Amino acid sequence: MPWKDGGFWSALLDWLSHWRQDVLVALYAGVAVMIGLLAKIAHEVKHGHRNRFVTRRLWLDVPALAAMVAVAAGINVYFELTGWPSSAVGVACGWLGPRSIDILLMAVADLVRGGR
């Protein structure tokens, strides 16, 4: 029986430990990206680009949030960042990422409509 073998349990614990590390990287990156995204939304409300903080448009930011979490986690893993630098990458991705995507989409929409 596999559960009576000590190797099975050690392999399972190793796998869970590796999985736990991946989840923690994604969780930390997610929190940092969410802080950056919330700061961007608060900036837009303050400058009149949004009427309120909580709107239906907020749901459109969820896919961008997921993409920026993946980008921030990838950058952190690639450069082996930990601590404050990894948090800074997440906040920057949260602030610049969706904002850059929004600017690109608006530029494409203007081109399609025949604008500038």
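Residues numbered from 1 in each chain as written. Predicted model: local features only at pLDDT ≥ 70, side-chain atom pairs only at ≥ 80, totals over all residues. Heavy atoms only, no water.

Mind showing me how you'd approach the pattern of salt bridges here?
Any two side chains of opposite charge can pair, so long as their charged atoms come close to each other. With the rule as written, the count across this model stands at 4 salt bridges. A salt bridge links Arg50 to Asp61, with the shortest nitrogen-to-oxygen separation between them at 2.7 Å. On the criterion of sequence distance, the pair formed by Arg50 in the loop between α1 (6–46) and α2 (57–78) and Asp61 in helix α2 is long-range, its members being 11 residues apart. For Arg50, a relative accessible area of 5% puts it in the buried group. A relative accessible area of 10% means that Asp61 is categorised as buried. In this structure, a network of salt bridges that share partners links the residues Lys40, Glu44, Arg50 and Asp61. (Salt bridge = Lys/Arg side-chain N within 4 Å of Asp/Glu carboxyl O. Helix = DSSP H or I, 4+ residues; strand = E, 2+ residues; numbered from the N terminus. Buried < 20%, exposed > 50% of the residue type's maximum accessible area, 1.4 Å probe, protein only.)

Looking at this structure, I do not really get unusual backbone geometry. What am I missing?
Most peptide bonds adopt trans geometry, and most residues besides glycine take a negative phi value. Within the chain, Glu80 stands out as a residue other than glycine whose phi angle is a positive 55°. Relative to the helices and strands, Glu80 is located in the loop between α2 and α3 (84–113). Residue Glu80 is classed as exposed on the basis of its relative accessible area, which comes to 69%.

What am I meant to see in the packing of aromatic side chains here?
Two measures describe an aromatic ring pair: the distance that separates the ring centres and the angle between the ring planes. What the rule picks out here adds up to 1 aromatic pair. Ring plane angle 90° and centroid distance 4.9 Å describe the contact between Tyr78 and Phe79, whose orientation is recorded as edge-to-face. (Phe/Tyr/Trp six-rings, centres within 6.5 Å; stacked < 30°, edge-to-face > 60°.)

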